[in-house]
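Examination of the molecular architecture
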Amino acid sequence: MWTDSSTGLQPLWNGLAPERLSSSSATSCPLPPRYEAVGDARRFTRSTLRSWNLDALQDGVELVASELVTNALRYALPEEPTEGCVRLSLVRWSTRVVCAVRDPSSHGPVTKAPDFVAESGRGLHLVESFSETWGWHPLSGAGKVVWALFTLPEPEDADAASL
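What this report covers is the structure whose coordinates are included nearby. (Residues numbered from 1 in each chain as written. Predicted model: local features only at pLDDT ≥ 70, side-chain atom pairs only at ≥ 80, totals over all residues. Heavy atoms only, no water.)

1. Remarks on the environment of T27
- Structurally, T27 is set in strand 1 (residues 26–31).
- By relative accessible area, which is 24% here, T27 ends up partly exposed.
- Between the C-alpha atom of T27 and that of V91, which follows or precedes it by 64 residues, the distance is 6.5 Å.
- Those residues within four positions of T27 in sequence are excluded, and the remaining contacts are F44, T48, W52, L88, S89 and L90. (Helix = DSSP H or I, 4+ residues; strand = E, 2+ residues; numbered from the N terminus. Buried < 20%, exposed > 50% of the residue type's maximum accessible area, 1.4 Å probe, protein only. Contact = heavy atoms within 4.5 Å.)

Structural data, given as structure tokens:
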């Protein structure tokens, strides 16, 4: 289910299907079913954005990737998780980057009421704050993809840079 179908994101979902991640502007990595995978997700995101020369997006996308992976590990794993049942994907289009996390649960993410003294429960609020938009989509059979969309920074004006 899309959180906002009026934004025309159906083509976005089509581009996120794992079998379509073979272009040079998309990459994906399986993550182990343990909390240390959050650090792996941050490193994968950082190195991918650097290779795409998108260092300006690094802090926000890295934070969102770690929140989405944490949620997948905390709420979406079966009793006997397998290697690679959580997958982080990054896709770059001409004006946007998508961070997507696939997991085996069909239950959508639930945004909790903010509790600023609680130790957890603010992750999806951070995802919403740092991304342009976010949503999720169930996969056929089982599982889902939770994604966040980021706008690429405007290229610097060559005239302004020469001043």
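Here the narrative resumes.
2. Quick notes on the packing of helix 2 (residues 37–51) against helix 3 (residues 58–75)
- The geometry of helix 2 relative to helix 3 is characterised by a closest axis approach of 9 Å and an angle of 150° between their N-to-C directions. It follows from the interaxial angle that helix 2 and helix 3 lie roughly antiparallel. With respect to the hand of their crossing, helix 2 and helix 3 are arranged in right-handed fashion. Together, A37, V38, A41, R42, T45, R46, L49 and R50 of helix 2 and Q58, V61, E62, L63, A65, S66, V69, T70 and L73 of helix 3 make up the contact between the two elements. (Axes fitted to C-alpha atoms, helices over the stretch in contact; angles between N-to-C directions. Parallel < 35°, antiparallel > 145°, perpendicular 65-115°, else oblique. Left-handed = near helix turned anticlockwise from the far one by under 90°.)

3. Here we look at helix 3
- Between its first and last C-alpha, helix 3 extends 25 Å over 18 residues, near the 26 Å set by a 1.5 Å rise per residue.
- Of all the 18 residues making up helix 3, 15 are buried; the element is thus mostly covered by neighbouring parts of the structure. (Expected span 1.5 Å × (residues − 1).)

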